[in-house]
Amino acid sequence: MTVQTMIMLVAKSFPMTLAIFVLTLLGSLPLGLLVYFGRASRFKPLSKIVRGYISIMRGTPLILQLMVVFYAPSLLLHINVPNNWRFAAVIIAFIINYAAYFCEIYRGGIESMPVGQYEAAAVLGYTKAQTFIRIILPQVIKRVLPSVTNEVITLVKDTSLASIIGTVEMFTRAKQIAVAPHSPGMLTFVVAAVFYYIFNYVMAFIMERIEKKLSYYR
Amino acid sequence: MSLLKATDIRKSFSGREVLRGLDLSVEEGEVVAVIGPSGSGKSTLLRCLTGLETPDSGTIEIKGTTGLVFQQFNLFPHWSVLRNLVDPQVVVQKKPREEAEKFAMSLLARMDLTEKADEYPYQLSGGQQQRVAIARAMAMSPNVLFFDEPTSALDPELTAEILKVIRKLAEENMTMVIVTHEMGFARGIADKVYFMEGGVWLAQGTPQQIMEESGNERIRSFMNLIEQKE
């Protein structure tokens, strides 16, 4: 196997890595806000359940959560899982894990908002929903962006954990190639590392651009 | 006919009674100054009158709407000056945007801020921010405008700037209730002065009655203290 072929094969698995990344963000960024509302709810049982969920998500390894989501339905609950369950399990596990982190990031941002913003809005006659959507949320997004960037970068690398349940993303493919006869061996991992690095470099650039766009006010 | 009539307002926070049965009535076009030592409950009273706090007991009747100007301005930092004035009109009052913008620009002109319409709050001085905050409150066409120590976060020069604006509003017969530590200003502008201590009115009357002729030892010593500072 030539190096060129190896690079081609690694590149072909990149769309799967990208898909896990994009779908996880699309799901967990909004879900994190919903989780926050649950956590902040004055209905105590809901708030307690949500706290428990966040505690477990942050307190156990993501790789283990992936295995539980993938295997539990068939082994524990004896449900016949569909053929594409592997991919679905990866996306579900990543989304519920990242939503817990995003919830806590949002919470930090929302709780750091000066109470005067709420009071000014209330006196002007904005409803609670209007206040949150028009006044609080836009400012919170600016405040939490650096922390969200951190999570985004971590997620790029975390996609490789999907390998544990046999999802053929970039890391799984690199492992397969590396042990194949007549392959460039360890060089395959170096190439995969370069792919991850470039991906993250682009993501960091995009996030920085968004941060700059929001720096029109203080 | 009173524009505002509050009767026997009481409010406690975790067992501590901050307002202990206050009455207040404000006539249309009247300017009322509320003075008194820090922690006497002046701000809490304003917060009750503007709906930010609910009194434990007592009644509040207000004919029309209220506006509040805060000590810390509380402008919306992510919006331009103009949008700070326009958005509440459009979203809360459902005014057409064009009409709201026209009204906002006329208010900014009155505040001498026309050229700041497209700037953001952080680009303005404290005095300019407070003038925007006054304009934002005015944009809702309130029947009564409340001020909670509007100059306490400003240095003397900017304080004068804000007091001038409030004086102008008084000349235009705006009904106002002003919590302030600026005694000279209160004396010059107020029709009535209320002196609060410990959650009750210690005295009420014309500025002259309260500030110069009061027989109350506590009020006299407070005035002397303030005058020494001034």
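Keep in mind that what you see is a predicted model, and the values were worked out from it rather than measured. (Residues numbered from 1 in each chain as written. Chains lettered and ligands numbered in written order. Predicted model: local features only at pLDDT ≥ 70, side-chain atom pairs only at ≥ 80, totals over all residues.)

## Let's talk about the sheet that holds strand β1 (residues 2-13) of chain B
All names here are of chain B. Test applied: Strands are treated as partners if at least two bridges between them are detected by DSSP. To qualify as a helix, a DSSP run of H or I must reach at least 4 residues; to qualify as a strand, a run of E must reach at least 2; elements of each kind are numbered from the N terminus. Structural elements are reduced to axes, namely lines fitted to C-alpha atoms, with helices fitted over the stretch in contact, and the angle between N-to-C directions of any two is expressed from 0 to 180 degrees.
Read from one edge of the open sheet, three strands run β2-β1-β4, paired in antiparallel fashion. Two strands bound the open sheet, and with one partner strand each, they are β2 (16-27) and β4 (57-62). Put simply, the sheet's adjacent strands are angled 15° from each other on average, direction ignored.

## Some words on the pairing of strand β3 (residues 31-35) of chain B
All names here are of chain B. We count it as follows: The exposure label follows from counting other C-beta atoms within 10 Å of a residue's C-beta, where the C-beta atoms are placed from the backbone and the thresholds are 20 or more for buried and 12 or fewer for exposed, leaving partly exposed in between.
Of all five residues that make up β3, five are buried, and the element is covered over most of its length. Burial along β3 is two-sided: the face carrying Val 31, Ala 33 and Ile 35 and the face carrying Val 32 and Val 34 are both buried. Taken together, the four bridges between β3 and strand β7 (residues 176-179) define a ladder with parallel strand orientation. The residue of β7 that forms the bridge with Val 31 is Met 176. For β3 and strand β8 (residues 192-197), the ladder comprises four bridges, and the chain directions are parallel. Paired with Ile 35 across the two strands is Phe 195, which belongs to β8.

## As for the interface of chain B and chain A
What counts here: Any two residues are considered in contact once their C-beta atoms, placed from the backbone, lie within 7 Å. The classification used treats Ala, Val, Leu, Ile, Met, Phe, Trp, Tyr, Cys and Pro as nonpolar, Asp, Glu, Lys and Arg as charged, and all other residues, Gly among them, as polar.
Taken residue by residue, the interface counts 17 residues in chain B and 17 residues in chain A. The leading source of residues in the side of chain B that touches chain A is helix α2 (residues 81-91) of chain B, at three residues. Of the residues that constitute the side of chain B that touches chain A, the class distribution is 11 nonpolar, five polar and one charged.

## Quick word on the sheet that holds strand β5 (residues 66-69) of chain B
Residue and element names in this part refer to chain B. Pairing in this open sheet of six strands is mixed, and the strands run β5-β6-β7-β3-β8-β9 from one edge to the other. Of all strands in the sheet, those bounded by a partner on one side alone are β5 and β9 (200-205). Taking each pair of neighbouring strands and ignoring which way they run, the sheet shows an average axis angle of 20°. Packing against the sheet, helix α4 (residues 126-139) makes contact with β5 and β6 (144-148), and its axis sits at approximately 170° to β5.

## Concerning the domain arrangement of chain B
For the record, the criterion: In this entry, domain limits derive from an automatic or database-based domain assignment.
Domain boundaries assigned for chain B yield domain 1 (26-64 + 143-230) and domain 2 (77-140). Its residues assigned to classes, the side of domain 1 of chain B that touches domain 2 of chain B comprises seven nonpolar, no polar and one charged.

## Quick look at unusual backbone geometry
Residues and elements named next belong to chain B. Although it is not a glycine, Asn 74 adopts a positive phi angle of roughly 55°. In this fold, Asn 74 is placed in the loop between β5 and α2. The backbone of Lys 94 sits at a positive phi, close to 60°, despite the residue not being glycine. Tracing the chain through its elements places Lys 94 in the loop between α2 and α3 (97-110). What makes Lys 94 exposed here is the crowd of 8 C-beta atoms within 10 Å.

## A closer look at α4(B)
Residues and elements named next belong to chain B. Let me state the cut-off plainly: Take the number of residues in a helix, subtract one, and multiply by 1.5 Å to get its expected span.
The end-to-end C-alpha distance of α4 is 20 Å, a good match for the 20 Å that 14 residues give at a rise of 1.5 Å each. Among the 14 residues that make up α4, 12 are buried, leaving the element largely enclosed by the rest of the structure. The complete set of buried residues in α4 reads Gln 128, Gln 129, Gln 130, Arg 131, Val 132, Ala 133, Ile 134, Ala 135, Arg 136, Ala 137, Met 138 and Ala 139. Phi turns positive one or two residues past the end of α4, at Ser 141, with a value near 50°.

## Considerations on the nonpolar core
Among soluble globular proteins, nonpolar side chains are generally buried collectively. The condition that has to hold: As used here, a nonpolar core is made of buried Ala, Val, Leu, Ile, Met, Phe, Trp, Tyr and Cys residues. They are joined through C-beta atoms within 7 Å.
Among the nonpolar cores identified, the biggest contains 68 residues, and Val34(B), Ala135(B), Ile178(B) and Val193(B) are the most heavily contacted of them. No other element matches the seven residues that α4(B) contributes to this core. Each of domain 1 (26-64 + 143-230) and domain 2 (77-140) of chain B contributes no fewer than three residues to this core. Apart from residues no more than four positions distant in its own chain, Val193(B) is found in contact with Ala33(B), Ile35(B), Ala186(B), Gln204(B), Gly205(B), Pro207(B), Ile210(B) and Met211(B). Among the nonpolar cores identified, the runner-up in size contains 29 residues, and Ile54(A), Ala99(A), Phe102(A) and Val140(A) belong to it.

## Let's talk about the confidence of the model for chain B
All names here are of chain B. Put simply, the rule reads: As a per-residue measure, pLDDT tells how confident the predictor is, with possible values from 0 to 100.
Looking at chain B as a whole, its pLDDT mean stands at 92, while 99% of the residues score no less than 70. Within chain B, the element-level pLDDT minimum falls on helix α8 (residues 217-229), averaging 77, and the maximum on α2, averaging 98. Interface confidence in the predicted complex, given as ipTM, is 0.93; pTM for the same model is 0.91.

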